[in-house]
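So the chains spell out like this:
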Amino acid sequence: MKLKNSNPSFNFYSFSILISLLLFFSCKEKTNSSEAPHPIRGLITEKAMVVSARKEASEIGTAILKQGGNAFDAMVATEMALAVTYPYAGNLGGGGFMVYRLSDGELGALDYREKAPLAASKNMFLDEEGNPIPEKSQVGPLAVGVPGSIAGIFEAHKKFGTLPITELLKPVIALANKGYVVTKKQEKRLQRFTDIFIETNQDTILYAKSYQQGDTIKNKALANTLQRIADHGRDEFYKGATADSLVAFIQRHNGIITKEDLAKYEAKWRKPVVFDYKGLKVISMSPPSSGGVCLAQIMKMIEPYELSAFGHNNLKTIQVITEAERRAYADRGYYLGDPDFVQIPIDTLISEDYLDERMDGFTFQKATKSSDLNYGSVPGYESSETTHYSIVDQFGNAISVTTTLNGAYGSKLYVDSLGFFLNNEMDDFSVKPGTPNMFGLIGAEANAIAPEKRMLSSMTPTIVEKDGKLWMSVGTPGGSTIITSVLQTILNVYEFDMTMQEAVNAPRFHHQWLPDEIVFEPNSFSPKLLDSLRSKGYTTDEKESTVIGKVDAILVLPDGTLEGGADRRGDDTAVGF
């Protein structure tokens, strides 16, 4: 039956109101859904995972795990695969640190950091007037420290490995022979350094060619070097034909490393820095890395504050973290160095009483000036071109490994006959105490150059336990920003309820005492927030486009599965099963 309506205009008005209400609730529903989006998750696997800077390396490490190898077997293969596919930082000619947690809860750390040659001296990079000559410590033969990477992977394998080295290196050698595909990011990096490669080596090298995205790079010389190491073991690199070739090359270029330097090199097992943060147990690298001590200092200084209530990357959160970082980096420059050469008061530096006193002058009202803040009184670092990988195996073992050449492609010196770049780690020493190095970090006598001494580092491979169980393996490259990137990644998951991938993706900021400025990832923080910080006396810098860390991490989820966090800032990839 048709209803009679004596007012057509009212009918149209009522219809309009109805449509408006429907649109309002529809829009409101969409708004609510945008406020609470579905979480972004990384790769989820049931048993095991490798996260590294290159897909090929993660795939090779995972393949070793599938063959029945453990995390330490996968370490050997992954690290050498990075040397093949990621010469920017992956290496035979550098060094690194590894932190581990076995399935039974045993903890430990391995130091295979480079060392100063026997002929090194405290003032070797100063001119006649006592001023630093930066190019001598950063580029070319004198910048090279005695490499530790091969010693490191063999030492880890000797203690914990289960599969033969020949099996672990077999897929890596095949990769070097077959070649790997150049990515867009890799193309840009290689093009940026072509001229300095040629200038430093006084000739063209494999990586000085004009590579484009999609090209394949085959490194036959590196394949041959790895084959000799597979056949003859660790001593091939430090005492064999490879050592002979390496020393002859360095000395032809007027370097000071000798066969005795190589023969004397040993990786060292260390006791990691272990501390608690609001119920978490954090296990990180000890000196000569500054990572664990600085991370402990920062986390303990911020522990009394309710960061989760302040909010992620909000004003008060940034203030608290910045002020803690400022104080930790001031201490870093003064107290930390190679523990085989200097006494480091670690227990005091990470004690609650000392750190409470360090934060005494902090107020939300205004910034502390770094010029007014010295190191605390108690009764080096590396470049952005480091690389990190995290591994959790099917047996419940976890490792966190950071390795480096220091600067991009290290010293830029390329051993053509052996197929790899050499590090420029000598710049990580305090070339002249009180003078900033190439990354702006200040050092003191504790990190002065001495023969056979290990240079200070910022590498922070870290493992975290929650409720007595493995919870996270995390680390990153990033030079002086390594410590702060690891810190923010842990906090993002624990304080701000992010997934592992969200925590890795989140924009980051950094402060290191000197220079006295907060560096922000560009276009990632609101102008209003930056204005608020400046009004309180902070100096902000978001002009530089440098990446703050490339975090690779693994999180154990409540149901026991694993979530990978592979950094979007690089070609980083998680692979597992």
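Below is a summary of the structure that appears in this document. Given the structure is predicted, the values throughout are model-derived calculations rather than measurements.

1. Some details on the nonpolar core
Of all hydrophobic cores here, the largest spans 84 residues; its most connected members are Leu92, Met98, Tyr207 and Ile399. Among the elements that take part in this core, helix 3 (residues 71-85) stands out by supplying eleven residues, more than any other. When residues no more than four places from it in sequence are discounted, the contact partners of Ile399 are Ala71, Phe72, Met75, Met98, Val99, Tyr100, Tyr389, Ser390, Ile391, Ile463 and Ser473. By size, the runner-up hydrophobic cluster in this structure holds 65 residues, among which are Leu307, Tyr329, Phe362 and Leu533.

2. Notes on the environment of Ala450
Mapping Ala450 onto the fold places it in the loop between strand 13 (420-421) and strand 14 (462-466). For Ala450, a relative accessible area of 17% puts it in the buried group. Apart from the residues within four sequence positions on either side, Ala450 is in contact with Ala116 and Phe341.

3. Some details on the sheet that holds strand 14
One open sheet holds the seven strands; their spatial order is 1-20-19-15-14-9-8, and the pairing between them is antiparallel. The strands lining the two open edges of the sheet, one partner per strand, are strand 1 (44-45) and strand 8 (273-277). With two bridges connecting them, strand 1 and strand 20 (residues 562-566) associate as antiparallel partners. Within the sheet, the bridge partner assigned to Thr45 lies in strand 20 and is Leu562. Across the sheet, helix 12 (residues 291-302) touches strand 8, strand 9 (280-284) and strand 14, and the angle it forms with strand 8 is around 15°. Strands in contact with helix 17 (residues 482-494) are strand 8, strand 9, strand 14, strand 15 (469-475) and strand 19 (552-556); relative to strand 15, the strand with the most contacts, it is inclined by about 140°.

4. So, the pattern of salt bridges
By the definition in use, this model includes 29 salt bridges. Between Asp428 and Arg113 there is a salt bridge whose closest N-O contact spans 2.5 Å. Pair check on accessibility: Asp428 and Arg113 agree, each one buried. Between Lys268 and Asp340 there is a salt bridge, with the nearest N and O atoms lying 3.0 Å from each other.

5. Notes on the sheet that holds strand 18 (residues 540-541)
Strands sit in the order 16-17-18 across an open sheet of three strands; the sheet is mixed. Strands with a single pairing partner mark the edges of an open sheet, and in this sheet they are strand 16 (509-510) and strand 18. Bridge count between strand 17 (residues 518-520) and strand 18: two bridges; the pairing is parallel. Within the sheet, the bridge partner assigned to Val519 lies in strand 18 and is Asp541.

The rules we used
Residues numbered from 1 in each chain as written. Predicted model: local features only at pLDDT ≥ 70, side-chain atom pairs only at ≥ 80, totals over all residues. Heavy atoms only, no water. Core = buried A, V, L, I, M, F, W, Y, C linked by side-chain atoms within 4.5 Å. Buried < 20%, exposed > 50% of the residue type's maximum accessible area, 1.4 Å probe, protein only. Helix = DSSP H or I, 4+ residues; strand = E, 2+ residues; numbered from the N terminus. Contact = heavy atoms within 4.5 Å. Pairing = 2+ DSSP bridges. Axes fitted to C-alpha atoms, helices over the stretch in contact; angles between N-to-C directions. Salt bridge = Lys/Arg side-chain N within 4 Å of Asp/Glu carboxyl O.

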